[in-house]
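Listed below are the residues making up each chain.
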Amino acid sequence: MSNHSETRFDDSQLEDMRLQMMTLKKKLEKQEIVNERLMRKSLRSNTTNISNRYFWICLICALNIPYGYWAFCILGGSSLGVWIFESILMLSVIGYTFHLSRQIHDSRLFDSNLLEVRQTVARTKKLDSNWTFIGFPAALLWIAYFLYDKYQQMAGEEFQLFAVAMCTAAIIGAAVGLKIHIKTQRQYQEIIDQIETVTAE
């Protein structure tokens with residue numbers, strides 16, 4: 001009788017332990033779901049910030065095309081080639097930036113597997129980084145061409161003052177552009193780090 005009672009007691013303990021383990025497992029699963037939802041919300045926030053930044057870059061470049069014609073050709077008396085070169089550069093920036101924005105602004109992206117999201121973000125980060133090796137040299141070429149065009153129109157001292165002002169503006173513009181680029185790269189890396197933290201667990 002005693003053995004039978006002990007067996008029933010042991011069975012009851014085992015059943016209680018099994019139920020506790022199941023309850024704990026469900027709680028952990030729910031916590032994982034909550035954590036993943038919060039992380040996906042954070043990822044969406046970061047990518048939205050990047051996409052908004054890309055939107056403003058595209059808008060400024062688009063507005064700069066008609067403005068450039070007025071400022072350089074009509075007001076400044078520069079050759080049409082200066083404006084054409086600038087327009088090609090602006091259109092290239094718009095096209096490349098729009099392509100980057102589409103990569104991370106896809107509504108289906110964050111419904112995908114996290115490893116796939118990481119691959120997409122890492123690829124877009126690299127493309128964004130590669131642009132500096134295209135955009136900055138192209139901008140330097142345009143500045144050089146613009147200065148040469150002005151050199152043909154201005155006297156020595158006047159041109160020197162203009163060249164100093166132009167180079168100063170170019171340095172400020174490059175610093176602002178580099179700051180934006182570094183911030184964007186940092187946000188891409190934050191997204192990648194967040195995904196790696198979750199997938200590594």
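Each remark here, short or long, concerns the structure printed above.
Criteria and cut-off values
Residues numbered from 1 in each chain as written. Predicted model: local features only at pLDDT ≥ 70, side-chain atom pairs only at ≥ 80, totals over all residues. Heavy atoms only, no water. Helix = DSSP H or I, 4+ residues; strand = E, 2+ residues; numbered from the N terminus. Buried < 20%, exposed > 50% of the residue type's maximum accessible area, 1.4 Å probe, protein only. Contact = heavy atoms within 4.5 Å. Salt bridge = Lys/Arg side-chain N within 4 Å of Asp/Glu carboxyl O. Patch = residues over 30% accessible without salt bridge, like charges linked within 9 Å, V, L, I, M, F, W, Y side chains within 5 Å. Areas by Shrake-Rupley, 256 points an atom, 1.4 Å probe, with all protein chains shown as cover.

A. Quick peek at the overall build of the protein chain. Each helix and strand in the protein chain was counted, giving 5 helices and 0 strands. Ordered by position from N to C terminus, the α and β elements of the protein chain give α-α-α-α-α. Residues counted as buried form 28% of the 201 residues belonging to the protein chain. A separation of at least 24 residues holds for 77% of the contacts in the protein chain among residues at least 6 apart in sequence.

B. Broad picture of the pattern of salt bridges. Under the criterion given, the structure shown has 1 salt bridge. Residues arginine 118 and glutamate 196 are paired through a salt bridge, measuring 2.8 Å at the closest nitrogen-oxygen approach. Within this pair, whereas arginine 118 is found in helix 3 (residues 114-130), its partner glutamate 196 is found in helix 5 (residues 156-200), the two being separated by 78 residues in sequence. Residue classification places glutamate 196 among the partly exposed positions, given a relative accessible area of 33%.

C. Just a nonpolar patch on the surface, in detail. A surface patch of nonpolar side chains, about 840 Å² in accessible area, is lined by Tyr67, Tyr69, Trp70, Ile74, Leu75, Leu80, Ile84 and Ile88. Take leucine 80: it is sitting in helix 2 (residues 80-104).

Scope: geometric values only; no functional claims are made or implied.
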